[in-house]
Amino acid sequence: QVQLVESGGGLVQAGGSLRLSCVSSVSIFNANAMGWYRQAPRNERELVARITKSGFTTYAVSAKGRFTISRDNAKNTVYLWMNSLKPEDTAVYFCHMNQGGETSWGQGTQVTVSS
């Protein structure tokens, strides 16, 4: 069973930056895609950023230009660099893996942006 462990969340002021990390218990080299999603209270979970095996990236409109997703296959880790954070970025951020048609989720890490 794949385990994804997120870290790096916390409380930050608007305009600040955070780096989220997601470490997988298995190799991510062959993962079709790795992604970051977020869920704010009373909202549905939404895609923030995604990176495929080939390195192709996709971003939510709200994340473009501010967030960057990257993967380090040697460390089985996916990162989400978040800059110019806004209060509306406040949410629980979840790591996601799609490998061989199977999906896995982490437990999430809380990001809170104060105004």
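Report follows, based on the coordinates. (Residues numbered from 1 in each chain as written. Predicted model: local features only at pLDDT ≥ 70, side-chain atom pairs only at ≥ 80, totals over all residues. Heavy atoms only, no water.)

1. Considerations on the nonpolar core
Part 1 of the reasoning: Counting 27 residues, the largest nonpolar core has W36, L80, M82 and Y93 as the members making the most contacts within it.
Part 2 of the reasoning: At the level of secondary structure, the elements contributing two or more residues to this core comprise β3 (18–24), β4 (33–39), β5 (46–52), β7 (67–72), β8 (77–82), β9 (91–99) and β11 (109–114).
Part 3 of the reasoning: Considering each element in turn, this core owes the most residues, four residues, to β9. (Core = buried A, V, L, I, M, F, W, Y, C linked by side-chain atoms within 4.5 Å. Buried < 20%, exposed > 50% of the residue type's maximum accessible area, 1.4 Å probe, protein only. Helix = DSSP H or I, 4+ residues; strand = E, 2+ residues; numbered from the N terminus.)

2. Considering the pairing of β3
Part 1 of the reasoning: Counted residue by residue, β3 has five buried out of seven residues, so it is predominantly covered.
Part 2 of the reasoning: Direction of pairing for strand β1 (residues 4–7) relative to β3: antiparallel, over a ladder of four bridges. Bridging across to β3, V5 finds its partner in V23.
Part 3 of the reasoning: Direction of pairing for β3 relative to β8: antiparallel, over a ladder of six bridges. The residue bridging R19 from the neighbouring strand is W81, located in β8. (Pairing = 2+ DSSP bridges.)

3. A short note on the state of the cysteines
Part 1 of the reasoning: Applying the stated rule across the entire model yields one disulfide.
Part 2 of the reasoning: Disulfide pairing is shown between C22 and C95; the S-S distance is 2.1 Å. Here C22 and C95 share a disulfide; its torsion about the S-S bond, -80°, makes the bridge left-handed. Placement of C22 in strand β3 and of C95 in strand β9 is noted, with a sequence separation of 73 residues between them.
Part 3 of the reasoning: For C22, a relative accessible area of 0% translates into the label buried.
Part 4 of the reasoning: The exposure class assigned to C95 is buried, which follows from its relative accessible area of 0%. (Disulfide = S-S within 2.5 Å.)

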